[in-house]
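# Summary of the model geometry
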Amino acid sequence: MKRSIRHAVLASTLLAGSGLSLRPAAADPGDIIFARSQDADSLDVARVSTTISFQVMQQIYDNLLNLDDKGKVSGGLAASYTASADNMTFTFTMRPNIKCHDGTTFDAKAAKWNIDRAIDPKTGSSNASSYGSITSTEVNGDVLTVKLSKPYSPLTTFLGSAQALMMCPATIQGSDVKPVGTGPWKFVEWVRNDRLVLARNPAYVNVNPLVDNPGAPYAQRLIFRVIPEGPSRMAALKTGEVTFAEPSLQDAADLAKDKNYTVYTGAGRTGQLAYVGFTAKIPPLNDVRVRRAIGYALDRDSMVDIGFNGLVQASPCPVAPGLLGYDPKKCAEWATAYDPDKAKQLLKEVGYGPDHPLDITLSVSPLQGWDESDVVMQQQLAAVGINVKIEQRQFATWVDYMSGKNKETTGTPAIWTMGMSGPDPDYLVFLFQPPGYAGQGIDDPVLQKMLVDQRALSGAEREAKILDIQKFLLVNAYEVPLFTPGWFWLATSKSTVTGFKQGYNVMPLFNDVKLP
């Protein structure tokens, strides 16, 4: 889960054609209300990549395939699938009689429409590369056949991710987005920066292996409320105004000790990884010694303890825990570890020291835990003779800024922090194949060949190639992995609320929730 990209603009209030009458956002019996700090930015799957948006879209739309708690692929909108031996042809046999919320049928043609639209350059989807090199999509009855020009074994795993949710075609009406899906919840109303209201889909039939309830959700409505201030969210939770709340880090630590509350941490299924990147074309950050010096200056454990109250874990790998190729022992052999003396030695080799400090910018987007970690980072870099100026931008603006900054070859060098999540390490292609997300692509033929080659492999061979890629990134210090998870992964409720679950990539699941 990328934290943001540019997105389509919706009207301030959207009404679905569900025929449901609007009701006040105040909690009615049978309502689930989830208080979050921010609003979604779009409900168009192909044009958004923020976790906060996917949390909502996961309720409205379904996937062609599903993932269990170990990332194993199972049926979704497609009852079954096949992959050719060369991983260049995939067939998907649709479940029969799948109904969209507007009564239309979701069939192989609808699935084809989603894929065609996502990979169409005119759509401008940041997720297009994650579909591989698709050359054709064909429908024959209830079977969708997808052909690629190059082998791509991660396709089925990607189709189980939030980035590949399937909308019903009626969702896109010119430049308007009117969310229509097949999921457990129907879109009702969106009042920007206040509430997003969904109603249970009484005809829902569940096939997600992480959900026990075989049919429609138990609750009547699911309302995402925007309450920016942490103390206000906690007050709303404690008074019963909301059912779930996104806690501050301190609140999460405190409530975890209170038997009257349950804190959900997505343990074991995060897929998230936060890291430091570099404007690697701008001197002196084009010198691997300087990048490694910065890596040696950073103490991940301090960031975890001070920035996150110990609610995340330090990680030395570019691939998130739980994904193929995650091996912290091997990553530690290649990655930099906290060693300020070694950092000073490397900086001295390239001419920096007490009489000639290195001045850089730390470009970041504000987010709880990250803000405190940024200050820790600034202090640790100062201790080895690097002066850091912190610059904050809201994430969408930050992506635009870094997309240009990462292309520059002169000017003030910058380091930056970002997070990435996904169900498969193929997201390394999304990040580092030029131009790369936010312009961070690395124009190195060795790396690019490995990124392409891993897509043709499976099993142990692919795992070995993923490790080779991580070794390249770590030895050359193109990124410094920091911690996992790190954004929008916490939720809390009163302990009398049961059934809340988190999916493979920490997406909330409300199908099984039972209210007291």
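Owing to the predicted nature of the structure, the values given are computational and were not obtained by experimental measurement. (Residues numbered from 1 in each chain as written. Predicted model: local features only at pLDDT ≥ 70, side-chain atom pairs only at ≥ 80, totals over all residues. Heavy atoms only, no water.)

## A short note on helix H13 (residues 445-454)
When H13 is considered as a whole, its buried residues turn out to be Leu447, Gln448, Met450, Leu451 and Gln454. All buried residues of H13 fall inside an arc of 160° around its axis, so they share one side. Seen from the open side of H13, the exposed residues pointing more than 90 degrees away from its buried face are Pro445 and Lys449. Of the surrounding elements, those touching the buried residues of H13 are helix H12 (427-432) and helix H14 (459-475). Capping the start of H13, Asp444 holds a side-chain oxygen 2.9 Å from the backbone nitrogen of Val446, two or three residues further along. (Buried < 20%, exposed > 50% of the residue type's maximum accessible area, 1.4 Å probe, protein only. Helix = DSSP H or I, 4+ residues; strand = E, 2+ residues; numbered from the N terminus. Arc of directions from axis to C-beta. Contact = heavy atoms within 4.5 Å. Polar contact = N/O pair within 3.5 Å; in protein donor to acceptor, adjacent residues only side chain to side chain.)

## Considering the nonpolar core
Membership of the largest hydrophobic core comes to 60 residues, with the highest contact counts inside it found for Leu64, Phe92, Phe106, Leu159, Leu431, Leu447 and Leu473. For this core, the element with the highest residue contribution is H12, accounting for six residues. Leave out the neighbours within four places in its chain, and Leu159 touches Asn63, Leu64, Leu65, Phe92, Tyr131, Ala164 and Met166. In this structure, Ala236, Leu237, Leu285 and Val384 belong to the second largest nonpolar core, which totals 57 residues. (Core = buried A, V, L, I, M, F, W, Y, C linked by side-chain atoms within 4.5 Å.)

## Comments concerning helix H1 (residues 51-60)
With ten of ten residues buried, H1 is to be regarded as a mostly interior element. Of all the residues in H1, the buried ones are Thr51, Ile52, Ser53, Phe54, Gln55, Val56, Met57, Gln58, Gln59 and Ile60.

## Some words on the pairing of strand E7 (residues 134-140)
Where E7 lies against strand E8 (residues 143-148), six bridges are found, and the strand directions are antiparallel. Bridge assignment links Ile134 to a residue of E8, and that residue is Leu148. The loop that links E7 with its antiparallel partner E8 comprises two residues; one of these, Gly141, has a positive phi angle of about 65°. (Pairing = 2+ DSSP bridges.)

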